[in-house]
Amino acid sequence: MSIQWPLVFFTLFVGLGCGIFVGSVVLTEWCGKAKQIRTISSSIAIVALGVGGVSSTMHLGHPERMFGALGHPTSGIFMESTMIGLFGLAIIVYLLALRRNASDRTCKVIATIGAVLAVVLAFVNGHAYVIAARPAWNTLILPLLYVASAGVMGCFSLSVLLARTKYADTIATIAVTETAATAETSTTTATTTIKRATLIALAFQAVLLIAYLIHVAVAPYPDITRSVMRVLTGNLALLFWGGVVLLGFLVPTVLMTKFYTKNTESISPLTSVKLSLASVLVAGVAFRALMFLIGSSIKQFF
Amino acid sequence: MSQRTMVVDLDRCIGCKSCEVACKHENGVALGCTWNKVLTVGPTGTYPKLEMYYLPTMCQECKDAPCVKACPTGASYKSKDGVVLVDKEKCIGCQYCMFACPYGVRTFNEETKVVEKCTLCAHLQAAGKQPACVEKCPAGCRFVGDIDDPNSEVARVIKNAGSDSVHVLPDVGNQPSARYILHSKIATWKE
């Protein structure tokens, strides 16, 4: 089938928002590190959610009738809309709690609820495509890949925020040495944590991608339009190897290695993680486009 | 439970596409949209044993229609007599029903921004007439009726064909109710 671009960007931005928020909650509320990024990461998450939401309406022929979806609670669109609403609400409440200097316990509880909603939303986003009529999509590996993709994008986004914070702190050192040194120590610890999380998310995503390709290879009703050969060596090979593998795994891994080994001769740490984030975002688009291109129905008569 | 559907006798179909034209004309189907389509299956085999048949395709009137389940607004629904219909006033044009259809027999009208499909000419049947494709078929290969009623014409046609010659499209739990008749002496049914 043809690529549904509004849905590609809808799931990409929603995944991005979910990933940033969950990563931020784990890092700041559960691990107690780099708390200074809580507001900015949550704000970015809700903006990403909004951009995704707007993108999804561009797919609709009649968005003005959207409220009719409230009458059919089992559909994928209802689930996605509801989860976006609840997750958005959780972020707003969390931001208000931060703004009003609520207790750590209150913030942690609200953030945890939001994080659970985010994980469910990322899963629901992918689950909407688990359809028996489309053999290449009819697997629970797909929603898990959406969750992994959200995790990877979230980790790299947080890396950028941490690198920026570190950069800002370094400048601040000139003025207030002691405070900046404390902040930098906290950020360094957080950087180590996010490094581990990024590697785990990338490994998780790689395993799921291989599992997904195996599913495509053995899915019932085989057809050339959704064959694994088309993906690996056919007309989708460039999209897969270049977009998904190279940009999704190899480039960010190399750039992250540069960042963490402090090899700043050729490229600064901040630039390194920024490029990594851009790379995984493009890879996210590539994977979603690939998914649509192999998502042919059992029979496509018209 | 009533289940109106279509039975097509492929032994008789001559591939003239009169059904396509009649449908377009009767329902005002827009340019670029399709409610039914005649495909050519084959030729297959090696000379002199070659086979080919025509396959008129349209909504398979699934008993457990996935398009109805996928529709977020209830625009896609099953009528009392089991026909899958679209309420265009409720359709938001999300096309998830098209994703859910195993046969790709729904069409998106770019002008009205809603999804359309074969209605089995419900408006004609309500007036006691046959659907346009059935009425105009010069080979008389199309039949419409309640497949759950043993006294209906479709049930009689299926019974006369013999169970070995009655075929159904792949079923992924949607239970398509449409049937195709093709005897092996004409051609071998291709899945």
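Just so it is clear, the structure is predicted and the values come from calculations on it, not from any experiment.

The rules behind the values
- All chains use their own residue numbering, which begins from 1 and follows the written sequence.
- Chain A is the first chain written and ligand 1 is the first ligand written, with later ones labelled in order.
- pLDDT decides what is reported in this predicted model: residues at 70 or higher carry local features, side-chain atom pairs at 80 or more are listed and counted, and totals for whole chains, interfaces and linings draw on all residues regardless.
- A helix here means a DSSP run of H or I that spans at least four residues, while a strand means a run of E at least two residues long, and both kinds are numbered starting from the N terminus.
- A residue is called partly exposed when the number of other C-beta atoms within 10 Å of its own lies between 12 and 20, exposed at 12 or fewer, and buried at 20 or more, with C-beta atoms placed from the backbone.
- Contact between two residues is assigned when their C-beta atoms, built from the backbone, lie within 7 Å.
- Residues are grouped as follows: nonpolar covers Ala, Val, Leu, Ile, Met, Phe, Trp, Tyr, Cys and Pro; charged covers Asp, Glu, Lys and Arg; every other residue, Gly included, is treated as polar.
- Note on scores: pLDDT gives the predictor's confidence for each residue, bounded by 0 and 100.
- Note: two strands are recorded as paired if DSSP finds a minimum of 2 bridges between them.
- Axis lines are fitted to C-alpha atoms, over the contacting stretch for helices. Their N-to-C directions set the angle, which ranges from 0 to 180 degrees.

## A look at the overall build of chain A
Stage number 1. Looking only at helices and strands, chain A features 9 helices and 0 strands.
Stage number 2. Sequence-ordered secondary structure for chain A, helices as α and strands as β, is α-α-α-α-α-α-α-α-α.
Stage number 3. In chain A, which comprises 302 residues, the proportion classed as buried is 48%.
Stage number 4. Looking at chain A alone, contacts between residues at least 24 apart form 76% of all its contacts between residues at least 6 apart.

## Quick notes on the interface of chain B and chain A
Stage number 1. Contacts between chain B and chain A engage 30 residues on the former and 26 residues on the latter.
Stage number 2. Elements that contribute at least two residues to the side of chain B that touches chain A include exactly β2 (37–46), α2 (66–70) and α3 (96–100) of chain B.
Stage number 3. Counting residues per element, the side of chain B that touches chain A draws most heavily on α3 of chain B, at 3 residues.
Stage number 4. The residue makeup of the side of chain B that touches chain A, split by class, is 19 nonpolar, 8 polar and 3 charged.

## Observations regarding the confidence of the model for chain B
Stage number 1. Mean pLDDT over chain B works out to 96, with 100% of the residues at or above the 70 mark.
Stage number 2. On the interface metric, ipTM, the complex scores 0.91, and its pTM is 0.91.

## Focus: the sheet that holds strand β10 (residues 179–181) of chain B
All names here are of chain B.
Stage number 1. Ordered in space as β8-β1-β10-β9, the 4 strands form an open sheet in which the pairing is mixed. Pairing within the sheet leaves two strands with one partner each, and these edge strands are β8 (142–146) and β9 (166–167).
Stage number 2. Bridge analysis of strand β1 (residues 4–9) against β10 gives 3 bridges, and the strand direction is parallel. When the bridges of β10 are listed, Asp9 appears paired with Ile181.
Stage number 3. Across the sheet, helix α6 (residues 153–161) lies against β1, β8, β9 and β10, angled at about 120° from β8, the strand it touches most.

## Digging into the pairing of β1 of chain B
The side chains of a regular strand alternate between the sheet's two faces.
All names here are of chain B.
Stage number 1. Burial runs high along β1: 6 of the 6 residues are buried.
Stage number 2. Alternating positions in β1 separate into two faces, Arg4, Met6 and Val8 on one and Thr5, Val7 and Asp9 on the other, with burial throughout.
Stage number 3. Across 5 bridges, β1 lies against β8 in antiparallel orientation. Each residue of the ladder has a partner; that of Arg4, found in β8, is Asp146.

## Focus: unusual backbone geometry
Residues and elements named next belong to chain B.
Stage number 1. In this chain, Gly42 is followed by Pro43 through a cis amide linkage whose omega measures 5°.
Stage number 2. Its place among the elements puts Pro43 in strand β2.
Stage number 3. Here the amide bond leading from Tyr47 into Pro48 is cis, since omega sits at 5°, within 30 degrees of zero.
Stage number 4. Tracing the chain through its elements places Pro48 in the loop between β2 and β3 (49–57).
Stage number 5. Phi is positive for Gln95, which is not a glycine, with a value near 70°.
Stage number 6. With 20 C-beta atoms packed within 10 Å, Gln95 lands in the buried category.
Stage number 7. Of note, the phi angle at Gln175 is positive, near 55°, even though the residue is not glycine.
Stage number 8. Overall, the presence of 14 C-beta atoms within 10 Å leaves Gln175 in the partly exposed class.

## So, the environment of Tyr212 of chain A
Residues and elements named next belong to chain A.
Stage number 1. Residue position: Tyr212 is located in helix α6 (residues 177–218).
Stage number 2. Taking the number of C-beta atoms within 10 Å as the measure of exposure, Tyr212 has 21 and is therefore buried.
Stage number 3. Separated by 34 residues in the primary sequence, Tyr212 and Leu246 place their C-alpha atoms 17 Å from one another.
Stage number 4. For Tyr212, the residues in contact, after removing those within four places along its chain, are Ile141, Leu142 and Leu145.

## Some thoughts on the environment of Phe67 of chain A
Stage number 1. Note that Phe67 of chain A resides in the loop between α2 (38–57) and α3 (76–99).
Stage number 2. Between the C-alpha atom of Phe67 of chain A and that of Ala286 of chain A, which follows or precedes it by 219 residues, the distance is 31 Å.

## What to know about the environment of Lys159 of chain B
Stage number 1. Note that Lys159 of chain B resides in helix α6.
Stage number 2. In sequence terms Lys159 of chain B and Thr34 of chain B are 125 residues apart; their C-alpha atoms lie 31 Å from each other.

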